[in-house]
Amino acid sequence: MAIFILILCCLSAVLGAIYIYLSWNFNFWKKRGVAGPEPKLILGTIPCIIKKNRNLAFELQDLYEKYKKTGERFIGVFMTRNPQILVIDPLLAREVMVTNFKCFRGNEQTLWVNRKLEEVSTMNPFMNSGSIWKELRSDVIGGLSPQRIKQAYPIALEICKKLTNYVKAHSQKSDGKIEVKSLCYKYTIEIISDFVWGVNADALNIDEPPNQMLKMARKLVDDSFMKIGLHYLWGLAPPIFRTLFAGRFYPIETDNFYTKVQKDAVEMRLRNKTDRSDFLNYLIQLQEKKFISHMNMVGHSATVLLDGFETAATVMAHTLYFLANNQTSQNKLREEIMANLDKNGCISYDVLVELPYLEQCINETLRLITLISVATRICSEETTLENRKGHKVKIEPGMVVHIPTYSFHNDPEVYPKPGDYTPERFDNGRAKELNQKGHFFPFGDGPRICAGMKLGQLEAKAGIVEILKNFYVKKADNYERFIDPASFLLGLCGDIFLEFESIQK
Ligand code: HEM
């Protein structure tokens, strides 16, 4: 009996200690006079992080709408047990990302990777802070400069021809219906493999199964994005546990694969002395100039692959989907494209980047389905944020700040009927004006703005132009599509079949 009572006492003590540990911080925001929802044990104030029943974008949108009405500029939330900030006022978002960036240099993704175990993922600027971030970003961005992207346009045009041949051949086999997400993945992996390594991914070859490039890119993206959920679960554990037990972010298999691809690509480029202004050429020059290691090169290449393969494909697939559902917008865009073709039936790079309605269609896609629906920053230097009625709150280094980009992009006071696809919202260069007010920033903002924006836009724009100048794109069914509740990159669930009817019979 005595032993039983002893066990019961120990058990109660352990459970009591766990309870105190999990709820210890729950009066953090009350003590500082910051409003916010009541946290629940384990779930905090954003339950979808644990329950996975809803996308984070929607959970933050509910909070945004509720607290916007009460005039808060920011509120206090709890990710599991951790107190963090959710920005409500778009101008405060700009302050954090742009004007007061020196105090918010880190981003939450820095916490995703295991620096002891991994070399390749730790080279991605997205997953770094401070001086290391600055150096990595400047190394990667040198290879993505506007001139280099312009010089890489012929690569995209070659792959566009393959895209048309693939759609023609494939649509004959399948009554014109093609699953558009996988089509766009095939297209972007061809561009990225060619631009980054000079390798033909052969993914748009109708007769052959795709080679390893597409399979490995999917593995890298799927395995890494799956780990993001685990990161939030680890938030429940004491930091020492996280450090000791956290696993890898990129799988070892893809690290090994890309290490070999990089080695072969460099050897072949040096052997053949090919003069090509692509990312590989840039990395070879960088190695000569800065003596960067082979693993540095692998890391930079994997950054462009991870950040530039799925993102651009998703934007392109969503835009084609919206245009299939909005024939008036599709016809208007096709007219713009046809009016700008040169005598070879192509659009020059300088014209492509300036096509106003194409830009508006992509902006509207990114507004409706903002790929990275939440931007985060970590406070790197003590500062204050002013809340409503001038209430100043001290923010200490380490505090995570969430910026609900998707909520800003879908606010009916700024975008009437926000669920409708209306590219005309961005008429007369309005995107810039909206950006200045903190209402529109699909590529992020400030010194941490997307490093591959020009490349991503080129991939999506060139692909959409190629499809619309050759095909009428139509809905293949009447299913209502929903945003995937569990995805990190916001995207529509399941397969999206569209019909492609050739314009030249
Ligand atoms: C059209 C597709 C794309 C979209 C919508 C997109 C969007 C974004 C967003 C929202 C961020 C976070 C910015 C912030 O926190 O302020 C980001 C970061 C980043 N993106 Fe993209 N991106 C796209 C394509 C690409 C491509 C093609 C690359 C190729 C290299 C790339 C590389 C990066 C990198 C390296 C970062 C981290 C920047 C930093 O932390 O300094 N992205 N992107």
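Residues numbered from 1 in each chain as written. Predicted model: local features only at pLDDT ≥ 70, side-chain atom pairs only at ≥ 80, totals over all residues. Heavy atoms only, no water.

Colleague: Account for the pattern of salt bridges, with residues named and values stated.
Modeller: Inspection of every chain in the model, using the stated rule, returns 33 salt bridges. Close ionic contact of glutamate 158 with lysine 161 constitutes a salt bridge, the shortest N to O distance being 3.0 Å. Note that glutamate 158 and lysine 161 are positioned in helix H8 (residues 153-173) at a spacing of three residues, about one turn of the helix. The partly exposed category is assigned to lysine 161, whose relative accessible area is 48%. Each of Asp194, Arg269, Arg276 and Asp278 takes part in a single network of salt bridges with overlapping partners. (Salt bridge = Lys/Arg side-chain N within 4 Å of Asp/Glu carboxyl O. Helix = DSSP H or I, 4+ residues; strand = E, 2+ residues; numbered from the N terminus. Buried < 20%, exposed > 50% of the residue type's maximum accessible area, 1.4 Å probe, protein only.)

Colleague: Residues and numbers for the site of the ligand, please.
Modeller: Inspection of the region around the ligand gives 26 residues, with Trp133, Arg137, Arg377, Arg448 and Cys450 positioned closest. Here arginine 377 contributes a side-chain N or O atom positioned 2.7 Å from an oxygen atom of the ligand. Between the ligand and the protein, one listed contact pairs an oxygen atom with a side-chain N or O atom of arginine 448 at 3.0 Å. Mapped by element, the contributors of at least two residues to the shell around the ligand are helix H6 (130-142), helix H14 (294-308), helix H15 (310-325) and helix H21 (453-470). Looking at side-chain class alone, the shell around the ligand contains 14 nonpolar, six polar and six charged residues. (Near = heavy atom within 4 Å. Polar contact = N/O pair within 3.5 Å; in protein donor to acceptor, adjacent residues only side chain to side chain. Nonpolar A, V, L, I, M, F, W, Y, C, P; charged D, E, K, R; others polar.)

Colleague: How would you explain the state of the cysteines if you had to name every residue and give the values?
Modeller: Applying the stated rule across the entire model yields zero disulfides. Not engaged in a disulfide, the cysteine cysteine 379 finds its nearest cysteine sulfur in cysteine 103; these two sulfurs lie 6.4 Å apart. No disulfide involves cysteine 493; its nearest neighbouring cysteine sulfur is the one of cysteine 48, lying 14 Å away. Residue cysteine 493 is classed as partly exposed on the basis of its relative accessible area of 31%. (Disulfide = S-S within 2.5 Å.)

Colleague: Would you mind going over the sheet that holds strand E9 (residues 497-502) in detail, with residue names and values included?
Modeller: Read from one edge to the other, the open sheet built from three strands follows the order E3-E9-E8, with strand pairing classed as antiparallel. The two strands at the open ends of the sheet, each matched to only one other strand, are strand E3 (177-179) and strand E8 (471-475). Direction aside, neighbouring strands of the sheet carry axes that sit 40 degrees apart on average. For E3 and E9, the ladder comprises three bridges, and the chain directions are antiparallel. By the bridge assignment for E9, isoleucine 178 is matched with leucine 498. Of the strands in this sheet, E8 and E9 are in contact with H15, which crosses E8 at around 80 degrees. (Pairing = 2+ DSSP bridges. Axes fitted to C-alpha atoms, helices over the stretch in contact; angles between N-to-C directions. Contact = heavy atoms within 4.5 Å.)

Colleague: Can you explain the coordination of the iron atom of the ligand? Please cite residues and give values.
Modeller: Just one protein ligand coordinates the iron atom of the ligand, and it is Cys450 (SG) at 2.3 Å. When you line up the elements, cysteine 450 lands in the loop between helix H20 (430-436) and H21. (Donors = N, O, S within 2.8 Å, 3.2 Å for Na, K, Ca; no water.)

Colleague: So what's going on with the sheet that holds strand E2 (residues 82-87)? Residues and values would help.
Modeller: Note on sheets: strands pair through backbone hydrogen bonds, and any given pair is parallel or antiparallel. Taken in spatial order, the four strands line up as E1-E2-E7-E4 in an open sheet, and their pairing is mixed. Both edges of this open sheet fall to strand E1 (74-79) and strand E4 (375-378), since each of them pairs with a single strand only. Adjacent strand axes in the sheet meet at a mean angle of 30 degrees, parallel and antiparallel pairs treated alike. In the sheet, E1 pairs with E2 via six bridges, with the strands oriented antiparallel. Following the sheet pairing, valine 77 is matched in E2 by glutamine 84.

Colleague: Could you give an account of the side chain of glutamate 118, with specific residues and numbers?
Modeller: When you line up the elements, glutamate 118 lands in the loop between helix H5 (90-99) and H6. It is arginine 248 that comes nearest to the buried, bridge-free glutamate 118 among opposite-charge side chains, at 4.1 Å. A polar side-chain atom of glutamate 118 sits 2.3 Å from the main-chain amide nitrogen of phenylalanine 249. Of the polar contacts made by the side chain of glutamate 118, one reaches the backbone nitrogen of tyrosine 250; its length is 3.0 Å. Look past the residues within four positions of glutamate 118 in its chain and what remains in contact with it is Gly247, Arg248, Phe249 and Tyr250. (Lys, Arg positive; Asp, Glu negative; His and termini not counted.)

Colleague: Account for the packing of aromatic side chains, naming residues and giving values.
Modeller: Considering all chains together, one arrives at 22 aromatic pairs under this definition. Judged by centre distance (5.9 Å) and plane angle (35 degrees), the ring pair of phenylalanine 249 and tyrosine 250 falls under tilted. Here tyrosine 250 falls in the buried class, since its relative accessible area comes to 1%. Site record: aromatic cluster; members linked through ring pairs are Trp112, Phe126, Phe225, Phe249, Tyr250 and Phe488. The ring of tyrosine 185 carries the charged tip of arginine 218 above its face, separated from the ring centre by 4.4 Å. The lysine or arginine in question, arginine 367, covers the ring of tyrosine 415, its NZ or CZ lying 5.1 Å from the ring centre. (Phe/Tyr/Trp six-rings, centres within 6.5 Å; stacked < 30°, edge-to-face > 60°. Lys NZ or Arg CZ within 6 Å of the ring centre and 35° of its normal.)

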